[in-house]
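Here are the chains, one letter per residue:
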Amino acid sequence: MAEVTLEDVKKVYGEDVVAVQDMNLDIEDGEFIVFVGPSGCGKSTALRMIAGLEDISSGKVFIGDVVVNDLPPRDRDIAMVFQNYALYPHMNVRENMGFALKLRKMDKGEIDRRVNEAAKVLSIEHFLDRKPKALSGGQRQRVALGRAIVREPKAFLMDEPLSNLDAKLRVQMRTEIGKLHNRIGVTTIYVTHDQTEAMTMADRIVVLKDGIVQQVDSPQKMYENPNNVFVAGFIGSPAMNFLKARLERENGGYVMVVGGTRIPLSREAAGQSEERRGSDIGEYVDKDLVLGIRPEHIEDANVEEAAALGEANQASTIEVEPQVIESMGSEKYVYFETSRDQAVRLDSVAELTGQEPGDGGSAESSSGDMMVARVSAASQAKRGEKMRMVLDASKVRLFDPETELAIL
């Protein structure tokens with residue numbers, strides 16, 4: 001096993017197409033780290049530079065204490081798992097798994113030992129004599145993992161290895177890969193566009209956008225304290241809701257005014273908690289900000305959970321008219337529309353929602369943006385019937401509309 005370090009790593013195609021911009025990252029020995037972001041953000045390019053499949057325009061990549069910029073892939077002591085499995089169709093499973101070791105002229109007894117051990121770990125020992133065409137997608141992916149394991153590399157690099165599997169099998173394989181990492185403990189760098197995979201598998205997540213690292217953090221810290229609007233909207237499902245709001249002083253504290261609703265800021269949200277002492281939100285008074293709140297922090301005012309929320313926290317209520325209600329069994333997703341003057345028009349929000357930046361609809365339209373609340377299954381919400389929602393004011397997050405950075 002080994003640490004992997006990137007120092008000011010940059011990749012430029014042609015003269016001016018920057019795929020990765022000044023990437024700095026320290027990946028600890030045995031860590032499972034996930035690169036995540038939308039298509040074209042540079043995550044696969046970064047992985048391929050670590051693997052040696054892409055030249056580095058500038059900067060350094062270390063595997064252990066060795067700078068590997070000029071080393072070919074075979075000399076970097078890494079193993080890569082691809083999206084399309086890349087198995088040899090004319091070889092059986094045993095031959096596929098042991099092929100790289102055979103090329104190294106390793107002793108046949110040692111090859112058999114490694115292949116059998118890896119097959120046992122992955123529960124594919126009964127498939128060793130089958131050809132890839134006789135295997136399911138999940139079994140083929142296990143073979144691809146086994147081929148990487150037998151090499152006993154310093155690091156595993158995985159490029160969207162589950163994207164070709166169906167939804168149920170992806171969930172199963174996420175668990176299998178997590179168990180595998182816990183068992184063998186090899187440094188693993190995993191690329192995906194699926195934030196759910198990132199949240200459930202990673203020790204730390206690296207969020208990229210346009211080749212630039214937006215945030216590096218543990219899944220929980222990133223979820224609770226995103227650095228900017230893009231990270232806040234990308235991490236979490238359903239995504240965070242964003243509203244235009246104005247900060248005002250009230251009774252020695254602060255409130256966010258959203259349309260006709262006044263949302264009191266908790267001491268934590270206002271940066272007045274012990275761990276955030278010294279922060280000052282006062283400079284934003286009487287200015288427009290972006291308020292973010294996650295769907296699970298909005299509840300139907302008529303259910304017990306909302307009553308408990310009101311007792312435990314400062315809370316605000318809003319009146320909404322559900323447009324769509326999705327029942328998930330244990331909970332419901334209630335979609336409703338904000339007014340046009342509450343809608344947020346930021347590039348990051350537009351990118352996350354699939355809109356054109358600044359697209360607010362026609363001048364005659366009074367519609368804004370859709371918001372979603374994740375409410376209790378006991379909610380009696382009905383489409384087209386007005387209802388009241390409770391917002392957990394302690395969970396709001398504030399962002400600067402100009403920089404899109406989190407405040408405090």
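Scroll up a little and you will see the structure.
No experiment lies behind these values; they were computed from the predicted model shown.

About the thresholds
Residues numbered from 1 in each chain as written. Predicted model: local features only at pLDDT ≥ 70, side-chain atom pairs only at ≥ 80, totals over all residues. Heavy atoms only, no water. Pairing = 2+ DSSP bridges. Helix = DSSP H or I, 4+ residues; strand = E, 2+ residues; numbered from the N terminus. Contact = heavy atoms within 4.5 Å. Axes fitted to C-alpha atoms, helices over the stretch in contact; angles between N-to-C directions. Buried < 20%, exposed > 50% of the residue type's maximum accessible area, 1.4 Å probe, protein only. Phe/Tyr/Trp six-rings, centres within 6.5 Å; stacked < 30°, edge-to-face > 60°. Lys NZ or Arg CZ within 6 Å of the ring centre and 35° of its normal. Parallel < 35°, antiparallel > 145°, perpendicular 65-115°, else oblique. Left-handed = near helix turned anticlockwise from the far one by under 90°. Nonpolar A, V, L, I, M, F, W, Y, C, P; charged D, E, K, R; others polar.

**Section: the sheet that holds strand S5 (residues 66–67)**
Across the sheet, four strands lie side by side as S2-S1-S4-S5; this open sheet has antiparallel pairing. Strands at the two margins of the open sheet, each flanked by one partner only, are strand S2 (17–27) and S5. Pairing of strand S1 (residues 4–13) with strand S4 (residues 58–63), which is carried by five bridges, proceeds in the antiparallel orientation. Within S4, the residue paired with lysine 10 across the bridge is serine 58. Contacts from helix H1 (residues 43–51) reach S1, S2 and S4, with the element oriented near 115 degrees to S1.

**Focus on the environment of valine 334**
Its location among the elements puts valine 334 in strand S18 (residues 331–339). In sequence terms valine 334 and proline 295 are 39 residues apart; their C-alpha atoms lie 9.0 Å from each other. When sequence neighbours within four positions are dropped, the list of residues in contact with valine 334 reads Pro322, Val324, Met371, Val372, Ala373, Val375, Ala381 and Met389.

**Considering the pairing of strand S12 (residues 253–258)**
Counting buried positions over the six residues of S12 gives six, a clear majority of the element. Both faces of S12 are covered, namely the face carrying Gly253, Val255 and Val257 and the face carrying Tyr254, Met256 and Val258. As defined by bridge partners, strand S11 (residues 241–250) adjoins S12 across five bridges and the pair is classed as antiparallel. Each residue of the ladder has a partner; that of glutamate 248, found in S12, is valine 255. Sheet topology places S12 next to strand S13 (residues 261–264); four bridges connect them, and they run antiparallel. Residue pairing across strands places valine 258 opposite threonine 261, the latter belonging to S13.

**Considerations on the packing of aromatic side chains**
Applying the stated criterion across every chain, the model contains four aromatic pairs. Measuring from centroid to centroid gives 5.6 Å for phenylalanine 230 and phenylalanine 234, while their planes differ by 15 degrees, and the two rings are stacked. With phenylalanine 230 and phenylalanine 234 both in helix H8 (residues 229–234) and four residues apart, this pair spans about one turn of that helix. By the burial criterion, phenylalanine 230 is buried, and phenylalanine 234 matches it. Cation over ring: arginine 294 sits above tyrosine 223, and NZ or CZ is 4.0 Å from the ring centre.

**Digging into the sheet that holds strand S14 (residues 288–293)**
Within the open sheet, the five strands sit side by side as S13-S12-S11-S14-S21. Their pairing is antiparallel. The open sheet terminates on both sides in strands that have one partner only, identified here as S13 and strand S21 (397–399). The mean inter-strand angle of the sheet, taken between neighbouring strand axes irrespective of direction, is 40 degrees.

**Some words on the packing of helix H2 (residues 93–103) against helix H3 (residues 108–121)**
At a minimum axis separation of 10 Å, H2 and H3 run at an interaxial angle of 135 degrees. Classified by the angle their axes make, H2 and H3 are oblique. Once H2 is placed against H3, the crossing between them reads as right-handed. Each of Arg94, Met97, Gly98, Leu101 and Lys102 in H2 lies in contact with H3, whose residues at this interface are Ile111, Arg114, Val115, Asn116, Ala118 and Ala119. For the contact of H2 with H3, a count of residues per class yields six nonpolar, two polar and three charged.

**Some details on the packing of helix H4 (residues 137–149) against helix H5 (residues 167–184)**
Contact geometry of H4 with H5 gives a least axis separation of 11 Å together with a crossing angle of 20 degrees. Between H4 and H5, the angle falls in the class roughly parallel. Remark: the crossing between H4 and H5 carries right-handed chirality. Where H4 abuts H5, its residues Gly137, Gly138, Gln141, Arg142, Leu145 and Ile149 lie against Leu169, Gln172, Met173, Glu176, Ile177, Leu180 and Ile184. Classifying every residue of the contact of H4 with H5 by side-chain character gives seven nonpolar, four polar and two charged.

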